[in-house]
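Coordinate inspection notes
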Amino acid sequence: MADNCKHLEGVVDIILIPGLWLDGESWDRVVPHLLSEGHRVMAITPPGYNGEDPSTVTNADLVAAVVTEIDNSAAPALLVGHSASCAAAWAAADRRPERVQRVLLVGGFPIPDGSVLLDGFEATEDGTLPFPGWAAFDGPDSADLSEADKAWLEGHMSPAPADYALGTQRLRNEERYEVPVVMVCPEYSEADVRDWVAQGFPPVSELSLIRNLSYVDLGSGHWPQVSRAEDLARVILDAVR
């Protein structure tokens, strides 16, 4: 009865999943806005960033960590994935569709089954993916980040397990298509995504199968949890409501 009352009162368990290289504290500018509305918030630090050898960690470990948080939730959870970790958010919804209220994908896509998680990266000899530096993200990705913002983000970075980008997405439950999805578009727009779908761009091929799909144009760079934290929190809270 207590859990049902909690859900009816509008309190939601919000699970935040950071993108490549980032720890759970990289959501610190967003979390206070969510807590102020009374929600329970869990910002996950992905496996491989807590002292484990990242070369031994797989994307399945990240998905399992998200599923564990869903299972520990007192009510249906709202998942927020950022960038490459949008794939993990979608995979977790695939594992627990009945326990996920909604999925927000910020700057990333619901990667389909059998696809490589992220193109354009190569692992180092030690089996990791170090942050390549800001020059790799010149332009719209980082235009709204100050030098202080970049330094703050770097303080929350570690070399990523290579499998977080080079691994293969594994999905198995078509009930995932019943989970509502919000595509949060930061450095690109809803129109861009719809054009990619029309062109048959593989990373967005799942979108046409999702029953309840909506879009939010944020008009930011790739890291709105830093540059536009309050605006991103408002988008998350709107999804809760």
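Described in the following lines is the structure provided in the data block. (Residues numbered from 1 in each chain as written. Predicted model: local features only at pLDDT ≥ 70, side-chain atom pairs only at ≥ 80, totals over all residues. Heavy atoms only, no water.)

Some words on the overall build of the protein chain
Put simply, the test is: Numbering of helices and strands starts at the N terminus; helices are DSSP runs of H or I of at least 4 residues and strands are runs of E of at least 2. Radius of gyration: over C-alpha atoms. The globule rule applied is 2.2 Å multiplied by the number of residues raised to the 0.38 power. Remark: exposure states derive from per-residue accessible area (1.4 Å probe, protein chains only) relative to the maximum for the residue type, with buried under 20%, exposed over 50%, and partly exposed in between. Contacts are assigned to residue pairs with any non-hydrogen atoms lying within 4.5 Å of each other. Every accessible area reported is derived by Shrake-Rupley at a probe size of 1.4 Å, with residue values counting cover from the shown protein chains alone. All tallies of charge rest on Lys and Arg as positive and Asp and Glu as negative; His and the ends of each chain are not included. To locate a charge, take atom NZ for lysine, CZ for arginine, CG for aspartate or CD for glutamate.
When its secondary structure is counted, the protein chain shows nine helices and eight strands. Scaling as 2.2 N^0.38, a compact globule of 241 residues should have a C-alpha radius of gyration of about 18 Å, and the protein chain matches this with 17 Å. By its C-alpha atoms, the protein chain is 50 × 40 × 35 Å across when sized along the principal axes. Looking at the protein chain residue by residue over its 241 residues, the buried ones come to 51%. Long-range contacts, defined as pairs at least 24 residues apart, comprise 80% of the intrachain contacts of the protein chain with a sequence gap of at least 6. By element, 48% of the accessible surface of the protein chain is carried by carbon and sulfur atoms, the whole surface being about 10400 Å². Positive and negative side-chain charges of the protein chain, numbering 16 and 38 respectively, have mean locations separated by a distance of 7 Å.

Re the nonpolar core
Definition in use: Each nonpolar core is a collection of buried residues, namely Ala, Val, Leu, Ile, Met, Phe, Trp, Tyr and Cys, held together in the definition by side-chain atoms within 4.5 Å.
Counting 54 residues, the largest nonpolar core has Val66, Leu79, Val103, Leu153 and Val193 as the members making the most contacts within it. At the level of elements, strand E1 (13-17), helix H3 (59-72), strand E3 (77-82), helix H4 (86-95), strand E4 (100-106), helix H6 (163-166) and strand E7 (181-185) are the ones that each hand at least two residues to this core. Ranked by the residues each element gives to this core, the list is headed by H4, at eight residues. Not counting residues up to four positions away in its chain, the partners in contact with Leu79 are Ile15, Val66, Ile70, Ala89, Ala92, Ala93, Val100, Arg102, Val103 and Leu104. Core analysis: the second largest hydrophobic core is formed by 23 residues, Val30, Val80, Leu104 and Val235 among them.

Here we look at the packing of H3 against H4
This is how the line gets drawn: Fitting a line to C-alpha atoms yields each axis, with helices limited to the stretch in contact; the angle taken between N-to-C directions then spans 0 to 180 degrees. Any angle between 65 and 115 degrees counts as roughly perpendicular, while under 35 counts as roughly parallel, over 145 as roughly antiparallel, and the rest as oblique. Take the far helix as the reference: if the near one is turned anticlockwise from it by less than a right angle, the crossing is left-handed, and if turned clockwise, right-handed. Note on residue categories: nonpolar means Ala, Val, Leu, Ile, Met, Phe, Trp, Tyr, Cys or Pro, charged means Asp, Glu, Lys or Arg, and polar means any other residue, Gly included.
Where H3 contacts H4, the axes come no closer than 9 Å and their chain directions differ by 55 degrees. Classified by the angle their axes make, H3 and H4 are oblique. Every pair of crossing elements has a handedness; the one defined by H3 and H4 is right-handed. Together, Leu62, Val63, Val66, Val67 and Ile70 of H3 and Ala88, Ala91, Ala92 and Arg95 of H4 make up the contact between the two elements. Across the contact of H3 with H4, the residue classes tally to eight nonpolar, no polar and one charged.

Observations concerning the pattern of salt bridges
Put simply, the rule reads: We define a salt bridge as a side-chain nitrogen of Lys or Arg found within 4 Å of a carboxyl oxygen belonging to Asp or Glu.
Under the definition given, this model contains 15 salt bridges. Among the salt bridges present, the one from Arg176 reaches Asp94, with a minimum N-O distance of 3.0 Å. Placement of the pair is Arg176 in the loop between H6 and E7 and Asp94 in helix H4, with a sequence separation of 82 residues. Among the residues examined, Asp94 registers a relative accessible area of 0% and is labelled buried. Linking Glu178 and Arg211 is a salt bridge whose minimum nitrogen-to-oxygen distance equals 3.0 Å.

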